[in-house]
Amino acid sequence: MQTNKPSMHKATNIIATIAMKISILAIAKLLFFSLHNRNNNKIKTKKETTMTASKFLLLLLLASSVNPFVSGFTTITEPPSPFKWPIVGTLPDFMARGGVDKLPEIYHNMYQEFGTIYAMSQFGSDTLIISDPYVYDTVLRSEGKFPIGAAESVDTFVNYYRENNITMGIKSTSHGPEWKEWRTQLDPDLYVAWKSYLPAIAKTANQISTVAGYEISGNDNNMDQKVKFVDFISRSAFDMFYSVMYGESPQTTNSAQVKPDDIEFVKASKTAFDLTGVMLTNPLEKIFQTDTFQKFNVNMDKVMEFGNEKAVEFLIRVREEEKKEGGKGDGVAATASSSTTMAEGGVDEGEGSKCPIQSLTNRRNSLLGRLVDKKLPDDELGTLTGPMLMAGVDTTAYVMSWLYLNLASNPDVQTKLANELKSVLNGADVTTAEQINSLPYLKACIRESHRLTPSSTVSAKKLEKDVDIVVNDKTYRAKAGTQICLNLCALPWDEQYVDNPLEYRPERFMPDAIEARKGTPSEIIDHPGFDDGFGRGKRRCLGANVAKAEIIILAARLIQDWEVTLADPSQRDNWVPKQYLMLKADPYPDMKLTPRQ
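Every value quoted in this text rests on a predicted model; they were computed, and no experiment measured them.

> Any chance you could explain unusual backbone geometry here in plain terms?
Note on backbone geometry: most residues besides glycine have negative phi, and most peptide bonds are trans. The residue after Asp586, namely Pro587, is reached through a cis peptide bond having omega -5°. Note on placement: Pro587 falls in the loop between β11 (583-586) and β12 (591-595). One non-glycine residue, Lys375, lies in the positive phi region at around 65°. Mapped onto the secondary structure, Lys375 falls in the loop between α15 (367-373) and α16 (378-409). Looking at Lys375, the relative accessible area reads 53%, which means it is exposed. Despite not being glycine, Asn500 has its phi angle at roughly 45°, a positive value.

> Would you mind going over empty space enclosed by the protein with me for this structure?
If a probe the size of a water molecule is rolled over the atoms, the empty space left behind becomes visible. Evaluated as defined, the whole model comprises four cavities of 30 Å³ or more. Here the largest cavity is characterised by a volume of approximately 90 Å³. As for the largest cavity, its lining consists of Val230, Ser234, Lys270, Asp394, Ala397, Tyr398, Ser401 and Lys584. Tallied by class, residues from the lining of the largest cavity come to three nonpolar, two polar and three charged. What the second largest cavity holds in volume is close to 40 Å³. Looking at the second largest cavity, the residues that line it are Arg447, His450, Arg451, Leu488, Pro492 and Phe530.

> For this particular structure, what's the right way to read the packing of α16 against helix α19 (residues 440-452)?
Interhelical geometry of α16 versus α19 gives an angle of 100° and a closest axis separation of 9 Å. By the angle class used here, α16 and α19 are roughly perpendicular. On α19, the residues that touch Trp402, Leu403, Asn406 and Leu407 of α16 are Cys445, Ile446, Ser449 and Leu452. When the residues that make up the contact of α16 with α19 are grouped by side-chain class, the tally is six nonpolar, two polar and no charged.

> I would appreciate a short explanation of the pattern of salt bridges in the present structure.
Side chains that differ in charge, positive against negative, can pair when their charged atoms come close. Throughout the structure, instances matching the rule amount to 35 salt bridges. Here Lys310 and Glu313 are joined by a salt bridge, their closest N and O atoms 3.9 Å apart. Here Lys310 and its partner Glu313 are both found in helix α13 (residues 291-324), three residues apart, which amounts to about one turn of the helix. The exposure class assigned to Lys310 is buried, which follows from its relative accessible area of 11%. Given the relative accessible area of 43%, Glu313 is considered partly exposed. Linking Asp531 and Arg447 is a salt bridge whose minimum nitrogen-to-oxygen distance equals 3.5 Å. Of the two residues, Asp531 is situated in the loop between α20 (511-517) and α21 (544-561) and Arg447 in helix α19; the sequence distance between them amounts to 84 residues. Residue classification places Arg447 among the buried positions, given a relative accessible area of 10%. Connected via shared salt-bridge partners are Asp93, Arg97 and Glu113.

> Quick question: what am I supposed to make of the environment of Leu315 here?
Inspection of the secondary structure puts Leu315 in helix α13. C-alpha of Leu315 to C-alpha of Leu368: the two residues are 53 residues apart in sequence and 9.2 Å apart in space. When near neighbours in sequence (up to four residues on either side) are disregarded, Leu315 contacts Val372, Asp378 and Leu381.

> Would you mind showing me how to read α13 here?
The terminal C-alpha atoms of α13, which comprises 34 residues, lie 50 Å apart, in line with the 50 Å expected from a rise of 1.5 Å per residue. Gly326, located one to two residues past α13, shows a positive phi value of around 75°.

Criteria and cut-off values
Residues numbered from 1 in each chain as written. Predicted model: local features only at pLDDT ≥ 70, side-chain atom pairs only at ≥ 80, totals over all residues. Heavy atoms only, no water. Helix = DSSP H or I, 4+ residues; strand = E, 2+ residues; numbered from the N terminus. Buried < 20%, exposed > 50% of the residue type's maximum accessible area, 1.4 Å probe, protein only. 1 Å grid on protein atoms, 1.4 Å probe; cavity = no way out; pocket = protein on both sides within 12 Å on 5 of 7 lines; lining within 4 Å. Points joined across faces, edges and corners; volume = space filled by probe spheres on them. Nonpolar A, V, L, I, M, F, W, Y, C, P; charged D, E, K, R; others polar. Axes fitted to C-alpha atoms, helices over the stretch in contact; angles between N-to-C directions. Parallel < 35°, antiparallel > 145°, perpendicular 65-115°, else oblique. Contact = heavy atoms within 4.5 Å. Salt bridge = Lys/Arg side-chain N within 4 Å of Asp/Glu carboxyl O. Expected span 1.5 Å × (residues − 1).

Here you go:
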């Protein structure tokens, strides 16, 4: 891949502009003298007439040959693409390559065939696929004040929220002032204050690990009640994010403690996510109101009812506690100093606190408690919790399922990780950002898992205005509304930049390896655009920092306590990445947990 050179591109455009102007002036001059001669009744010979016409055509061809697609004297190149049919676009080519079930392979093979930029189109919806993250950065820099988020492309959720008047869901999937208001309300207490939730996440991870072996591997007394590992991971994601939202875990991973309603929420959330993927790849499901569409709505209803009920329960408990204290403090808003401590990652243990909600595990250590203190309207709290819990569960669960599959399939890597955890933590939980930063091999394992098995094939973005994208000194124009994607299955899988790209080698992302790549073509795989699946720019996932912390904290706890292996080693490669709303291994192999010595 060539490096982009803006200065050379600029020089090329200047030359093209000058050539165009000279050609246009020459044509104008030729037309002027032709008219002048006609006005003077000059009679041309047949030869002179032919020469005049030839000059005119030659100059016209010269002007047009400067660039057949000229806009404002900028040379616009059409991106390479499979054959584009009327109406259906490139869909026949997509289906011939394997369709949705071969999505990662298709994106990689098209990169090899067409290069670092190519186009796709289906039923009038255009997509531009970019492989260079530095080029994609120019797209992110073109975002306006109210950027369009990836969630807006998931019209199953968008339509459901609008049809059912889910206020906070509508705001989160829009891109106007209402989105900005939503983001501004939540950003300080979730994206910024992520460190303050680490103790609660660590406590929940410890509870999860305590029962993991029994729940997954079973024993003589509960073999029929074993939980599939992939489902256990979904419950784990739910427990951890629930503890962030409410300050305590519902312990859905513990069969002795779990409540049926909590399990139903996890199942409904997972089903809604998976069905969304099905409907996005087959729009006819919604048009004809199929069983799939109806099932999606039923499960979304369950998600929203659960979220609203939990918010109501929380608010009732808050009001009751306030009444017991005589309503002191108008809801007991956090003090400025306490808020600063939270934002900086401090943990308020409640010592000497005047907060009356001790029975709620000090609500300022929960997201919902902080939003109550900020006077967020009760009805907005009710429509906030369902979508947030769902997003916080499923996206994190997809990433974690790939991580543990890679660790189980590569026992030597897992042993090396266990040694790092023992050396650094020696049995302790991860409760601080400093501890997270002291685990480079664990972070490298997560980063390599994303490189090899991303939870999505692309990182997508739309803009409200046209944008010119320069790749290898050629300018491509993405019209407003075009889906512009960074291909996560191109450079990260290209042996030109990655040695043995289909092997799981976390050592690639250790600090010394990253340092050694600087100044080489392979340095490109260290670009932040390839770091994780939570997006970049102004619409980066609101819960990204919390999700990344959850992944690290749970992995640190589980791998210290358990050796995670494939129940049947022969199933190591008997799965394929299948597209739902996100990618997941299908079928996901069963796992076995053995106490680590």
